[in-house]
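Letter by letter, the chains look like this.
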Amino acid sequence: MLNASNIGAPSHPSAARAQAVASWKKLRRLIALTALLVLFLLAWDASGFDLPLARMMGGSHQFEWRDNRLLVLALHEVPRAISMVLVVALLVGVVIPWGFLRRLGAGDRAQLALSVLGGIALSTLVKRLSATSCPWDLLQFGGSLPYVSHWAWGTYDGGAGHCFPAGHASAAFCFVGAWFVLRRAAPASAPRWLVVAVVAGLVLGLAQQVRGAHYVSHTLWTAWICWTVGLLGECLRALTQRARTPGSAALKVRNLNET
């Protein structure tokens with residue numbers, strides 16, 4: 001009998017193995033891309049461009065747009081509320097599918113929701129552990145604290161900290177993790193989903209930079225964290241499927257020989 005769980009599934013063990021090989025090749029490319037992205041971020045941090053760009057937005061008399069009500073409402077409070085509603089809706093959709101979630105299997109729905117939630121959770125965890133203070137707290141911008149890089153672990157600037165990475169941008173970037181599911185289950189929608197999530201995250205990050213809440217690096221690292229959470233979820237799925245694939249032991253030997 002044909003059902004949602006076996007649509008598109010290979011009917012022969014050799015087809016399953018071929019599909020697993022193709023899946024791992026795609027994953028290796030994504031892992032390589034993720035490694036390149038982290039090298040770019042490390043190069044950005046080493047460049048010291050954060051402060052010059054922050055100076056373009058603010059000066060010794062603080063950031064002029066810090067308390068702009070329209071900016072705070074339109075690009076901080078409202079997007080955060082919308083994001084919370086969407087995250088809750090995705091979690092509910094794991095059990096009670098709605099909209100495009102009806103086209104996904106239960107496992108894919110769970111992976112999608114957990115990837116989104118995981119991006120928020122990991123960004124929040126790193127933020128809670130960070131001793132980095134926000135730009136608007138620094139001496140250069142009318143505050144009272146010296147600049148300390150977020151890589152200076154164990155070095156405190158005397159402020160409240162908890163400003164790295166950009167937690168607000170994760171309200172949009174968290175949805176990047178869902179792309180890994182959609183590229184398999186809904187390939188026509190996946191590119192649009194990814195573009196909207198990335199653009200929205202960059203816009204929210206830029207708004208916070210204009211207000212003096214974050215540096216560019218904070219936003220970029222948030223995007224990488226959320227992307228990596230989604231990638232890890234996809235790798236875990238692939239490993240689980242590989243273990244269940246007939247002839248997986250032979251497939252493992254073949255992959256080792258190829259590498």
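Just so you know, the residues in each chain are numbered from 1, in the order the chain's sequence is written. Per-residue local features are limited, in this predicted model, to residues with pLDDT of at least 70; the limit for side-chain atom pairs, both in listing and counting, is 80 or more; totals at the level of whole chains, interfaces and linings are taken over all residues. As a rule here, side-chain values come from all non-hydrogen atoms in the structure, and water together with hydrogens is ignored.

Describe the overall build of the protein, with residues and values.
Put simply, DSSP marks the helices as runs of H or I at least four residues long and the strands as runs of E at least two long, and each gets a number from the N terminus on. Looking only at helices and strands, one finds nine helices and zero strands in the protein. Secondary structure elements in the protein, listed N-terminal to C-terminal, are α-α-α-α-α-α-α-α-α. The contact criterion used is simple: two residues touch if any of their non-hydrogen atoms lie within 4.5 Å. Across the protein, every contact between residues at least 6 apart in sequence was considered, and the portion connecting residues at least 24 apart equals 77%. Looking at the protein as shown, the accessible area adds up to about 13900 Å², and 69% of this sits on carbon and sulfur atoms. Values of accessible area rely on a 1.4 Å probe in the Shrake-Rupley scheme; residue burial ignores everything except the protein chains shown.

Explain helix α4 (residues 106–129) residue by residue, including any values.
Helix length check: α4, at 24 residues, gives a terminal C-alpha distance of 34 Å against a target of 34 Å (1.5 Å per residue), a fit within 8%. Here's how the labels work: a residue is buried when its accessible area is under 20% of the maximum for its type, exposed when over 50%, partly exposed in between, all with a 1.4 Å probe on protein chains only. Taken together, the buried positions of α4 are occupied by D108, R109, Q111, L112, A113, S115, V116, G118, G119, S123 and K127. Looking at the buried side of α4, the elements it contacts are α3 (69–95), α5 (170–173), α6 (179–185) and α8 (216–244). Under the convention used throughout, the expected extent of a helix is 1.5 Å for every residue step, that is, one less than its residue count.

So what's going on with the nonpolar core? Residues and values would help.
Of all hydrophobic cores here, the largest spans 29 residues; its most connected members are L27, L30, L90, L112, V116 and F175. Counting only elements with at least two residues in this core, the list comes to α1 (13–47), α3, α4, α6, α7 (190–211) and α8. With near-sequence residues (within four places) excluded, L30 lies in contact with W179, F180, R183, W227 and L231. Listed in part, the eleven residues of the second largest apolar core include L51, A54, C134 and F141. Here the nonpolar core consists of buried residues drawn from Ala, Val, Leu, Ile, Met, Phe, Trp, Tyr and Cys, with membership extended through side-chain atoms lying within 4.5 Å.

Describe the environment of L138, with residues and values.
Tracing the chain through its elements places L138 in the loop between α4 and α5. A C-alpha to C-alpha distance of 9.9 Å links L138 and G212, two positions 74 residues apart in sequence. With sequence-adjacent residues up to four places away left out, L138 is seen in contact with L51, G143, S144, L145, P146, Y147 and Y215.

Could you give an account of the state of the cysteines, naming the residues involved and the relevant values?
Only a pair of cysteine sulfur atoms within 2.5 Å counts as a disulfide in this structure description. Going through the model one piece at a time under the given rule, you end up with one disulfide. Here C134 is linked by a disulfide to C163, with a sulfur-sulfur distance of 2.1 Å. Torsion about the S-S bond of the C134 and C163 cystine: about 110 degrees, corresponding to right-handed handedness. Separated by 29 residues along the polypeptide, C134 in the loop between α4 and α5 and C163 in the loop between α4 and α5 bring together distant segments of the chain. Looking at C134, the relative accessible area reads 13%, which means it is buried. By relative accessible area, C163 is classed as buried at 0%.

Hey, could you go over unusual backbone geometry for me, with residue numbers and the actual values?
Residues F164 and P165 are joined by a peptide bond in cis, for which omega reads 0 degrees. Position of P165 relative to the elements: it lies in the loop between α4 and α5. One non-glycine residue with positive phi stands out, namely H162, at about 60 degrees. Within the secondary structure, H162 is located in the loop between α4 and α5. Judged by relative accessible area, H162 falls into the partly exposed class, the value being 29%.

Describe the pattern of salt bridges, with residues and values.
Here, a salt bridge means any side-chain nitrogen of Lys or Arg that lies within 4 Å of a carboxyl oxygen of Asp or Glu. In this structure the tally under the stated criterion is five salt bridges. A salt bridge links R237 to D108, with the nearest nitrogen and oxygen atoms 4.0 Å apart. One end of the pair, R237, is in helix α8; the other, D108, is in helix α4, and 129 residues separate them in sequence. Judged by its relative accessible area of 17%, D108 falls in the buried class.

Summarise the packing of aromatic side chains; cite the residues concerned and give the values.
In this analysis, rings of Phe, Tyr and Trp, with Trp reduced to its six-membered ring, are considered paired at centre separations within 6.5 Å, and the interplanar angle assigns stacked below 30 degrees, edge-to-face beyond 60, and tilted for intermediate values. Counted under the stated rule, the structure contains twelve aromatic pairs. Among the aromatic residues, those joined into a cluster by ring pairs are W98, F100, F175 and W193. We note R66 situated over the ring of W136; from NZ or CZ to the ring centre the distance is 3.9 Å. Consider the ring centre and the ring normal. A charge sits over the ring if Lys NZ or Arg CZ is within 6 Å of that centre and within 35 degrees of that normal.

Which residues make up a positive patch on the surface, and what values do they have?
Candidate patch residues must exceed 30% relative accessible area and have no salt bridge, after which like charges are joined if within 9 Å and Val, Leu, Ile, Met, Phe, Trp or Tyr side chains if within 5 Å. We score Asp and Glu as negative and Lys and Arg as positive, and we do not count His or the chain ends. Where a charge sits is defined by one atom per residue type, namely NZ (Lys), CZ (Arg), CG (Asp) or CD (Glu). A cluster of basic residues, K25, K26, R28 and R29, forms a positive patch on the protein surface. When you line up the elements, R28 lands in helix α1.

If you had to explain the environment of Q208 to someone new, which residues and values would you point to?
Note that Q208 resides in helix α7. Between the alpha carbons of Q208 and V72 there is a distance of 8.9 Å; along the sequence they are 136 residues apart. Sequence-distant contacts of Q208, defined by excluding residues within four places in its chain, comprise H76, H168, A213 and H214.

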